[in-house]
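This is what each chain is made of:
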Amino acid sequence: MGVLGDLLRHPDEFVPLVKMALAAKKAAKLPTHPDLAFCYEILNNVSRSFAVVIQQLPNPLRDAICVFYLVLRGLDTVEDDMAIPNDIKLPALLSFHEKIYERGFTMDCGYDHYKRLMEHFGIVVNVFLGLDEQFQLVIADITKRMGAGMAEFIQREVKTVADYDKYCHYVAGLVGIGLSQLFASSGLESDQYYNMEDLSNYMGLFLQKTNIIRDYLEDILEEPAPRMFWPRAIWGQYAQSLDEFKEPDNRTEAVRCLNHMIVDALRHMPDCVAYMQGLRDPMVFRFCAIPQIMAAGTLALCYNNGKVFEGVVKMRRGETARVFDSCSNMEDLFTWFIQFLELLRSKVEEEVDVTDPTLEQARKVISGNLAMCEKGLQEWRRDNPKPVLLPLLRDLLIVLLTATYFYYAFGMGGKGLPDALKPHEWVLTTYPIVHQVVAAVIFFSTVSRAISRAR
């Protein structure tokens, strides 16, 4: 039944889905300046979810992060294009931070939207050169460091877990460091974030490792040659070659390796929590927290799940919408983390084979993270008591309004409508079945949300 089936099973996701659709529509509305319009249009094309999240940030930070993302996406496009020979690719990576100061700079590489980005990269350069100098310095420095790191790993394999952490630092940890410096430079966050490299790095590592784990099949099948970053120190315990995991006959060892990779990623969660506890601007918090929650949810779904080796495992669109709709503070972050950690714990106790080599490590890291989040949630609620009466009255009013719609959509009030609604009677009578379905979904969604909040 697809989306309709999901809504019937999870009616509380209807309202968040509508809100997310409206947010996506807002994100698709482009600035009037043609160069900025191109940047936000291409951002929507290469990462729609990021485009939605970035819209909540105020300017000039929003434009700076948009350009930061596109510059690094351009650098990543050069690295990912396996058709570029290394004697051309290496110098391009090492000098990319200089090219962003050259008006009219373009490159012929990538595919689809990434190819278009590189063909018109001079537009990104124009916007970059229009940013405040403090933003330019951050973006150029991170681009230089990332390009050097990418060049290093083009020439060698990811063998040890230390190599894995180092690679993830170059391609994602540096993004976290750069974002922290942009936050501090904008004045929205304290100056301490400018030098908070360790925690900023772990924010990036948690996200990058999730992507590397989730994208196994896509990466191993990449043409003309796969680019894989699973460390040999882990996968070598379960196979002779990394591509063995895509074969159904090797699924048991593949899943054990997958679980090992996820246990490794989960060790970064405490540092991510520590980073986000220090944020003071609510919009910056949402910008940082939403991807972290999505990563935690993705890891929970992927754990002990052989479908990772058959396709892409990801959260339901409705659940994603709920994350976007209910991520305002540390209480929300802890609540989501606890939900996904509980899912992980149930898998460990009920599904994982007792001979899995990392079973005890999984128990330890999951229980440790769960205890941390439960303690953090209790402390947050103690220090931030909620008003009770006004939210309760609000929820009762919303339920009453949706119940009224439900009442008349199903004709429970008889044939006649109240005089105030008679001018709009055609709305209910033209497409009655459509209205009944919509009324039922909205009603049960609002009731479910009201009960959830009351708890």
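The text that follows walks through the structure, step by step, so that each part is easy to find.

Here is what the cut-offs are and how they apply
- Residues numbered from 1 in each chain as written.
- Predicted model: local features only at pLDDT ≥ 70, side-chain atom pairs only at ≥ 80, totals over all residues.
- Heavy atoms only, no water.
- Axes fitted to C-alpha atoms, helices over the stretch in contact; angles between N-to-C directions.
- Helix = DSSP H or I, 4+ residues; strand = E, 2+ residues; numbered from the N terminus.
- Parallel < 35°, antiparallel > 145°, perpendicular 65-115°, else oblique.
- Left-handed = near helix turned anticlockwise from the far one by under 90°.
- Contact = heavy atoms within 4.5 Å.
- Patch = residues over 30% accessible without salt bridge, like charges linked within 9 Å, V, L, I, M, F, W, Y side chains within 5 Å.
- Areas by Shrake-Rupley, 256 points an atom, 1.4 Å probe, with all protein chains shown as cover.
- Salt bridge = Lys/Arg side-chain N within 4 Å of Asp/Glu carboxyl O.
- Buried < 20%, exposed > 50% of the residue type's maximum accessible area, 1.4 Å probe, protein only.
- Nonpolar A, V, L, I, M, F, W, Y, C, P; charged D, E, K, R; others polar.
- Phe/Tyr/Trp six-rings, centres within 6.5 Å; stacked < 30°, edge-to-face > 60°.
- Lys NZ or Arg CZ within 6 Å of the ring centre and 35° of its normal.

Comments concerning the packing of helix α6 (residues 86–99) against helix α9 (residues 133–154)
(1) Moving on: One way to put it is that α6 packs onto α9 with a least axis distance of 6 Å and a crossing angle of 160°. For the element pair α6 / α9, the angle class is roughly antiparallel. Seen along the crossing, α6 lies across α9 with a hand that is left-handed. Only A140, T143, K144, G147, A148, M150, A151 and I154 of α9 make contact with α6, whose side of the interface consists of N86, K89, L90, L93, L94, F96 and H97.

Focus: a nonpolar patch on the surface
(1) Moving on: Together, L397, L400 and L401 make up a nonpolar patch on the protein surface, roughly 320 Å² of accessible area in all.
(2) Moving on: Within the secondary structure, L401 sits in helix α20 (residues 389–409).

Points about unusual backbone geometry
A negative phi angle is the norm for most residues apart from glycine, just as the trans form is the norm for most peptide bonds.
(1) Moving on: Residue P60 is reached from N59 by a cis peptide bond, and omega for that bond is 10°.
(2) Moving on: Inspection of the secondary structure puts P60 in the loop between α4 (48–54) and α5 (61–80).
(3) Moving on: Look at D112: it is not a glycine, yet its phi comes out positive at around 50°.
(4) Moving on: Along the chain, D112 falls in helix α7 (residues 112–119).
(5) Moving on: Here D112 falls in the exposed class, since its relative accessible area comes to 60%.
(6) Moving on: Within the chain, N304 stands out as a residue other than glycine whose phi angle is a positive 55°.
(7) Moving on: As for its position among the elements, N304 is in the loop between α16 (282–302) and α17 (317–325).

Considering the packing of helix α11 (residues 197–214) against helix α14 (residues 251–266)
(1) Moving on: It is the contact of α11 with α14, at a shortest axis distance of 9 Å, that shows an interaxial angle of 170°. Comparing the axis directions of α11 and α14 gives the class roughly antiparallel. Between α11 and α14, the residues in contact are F206, K209 and I213 and L258, M261, I262, D264, A265 and L266, respectively.
(2) Moving on: Among the residues forming the contact of α11 with α14, the class breakdown is seven nonpolar, no polar and two charged.

Focus on the packing of aromatic side chains
(1) Moving on: Tallied over the entire structure, the rule returns 19 aromatic pairs.
(2) Moving on: A centroid spacing of 5.6 Å and a plane angle of 70° characterise the contact between F50 and F287, whose relative ring orientation is edge-to-face. With F50 in helix α4 and F287 in helix α16, this pair connects stretches of sequence that are 237 residues apart.
(3) Moving on: Judged by centre distance (6.4 Å) and plane angle (40°), the rings of W230 and F245 are tilted. You can see W230 sitting in the loop between α12 (216–220) and α13 (232–235) and its partner F245 sitting in the loop between α13 and α14, a full 15 residues away along the chain. Each member of the pair, W230 together with F245, is buried.
(4) Moving on: One aromatic cluster in this structure is built from F50, Y69, F183 and F287.
(5) Moving on: R156 extends its terminal NZ or CZ atom over the ring of F153, reaching a point 4.3 Å from the ring centre.

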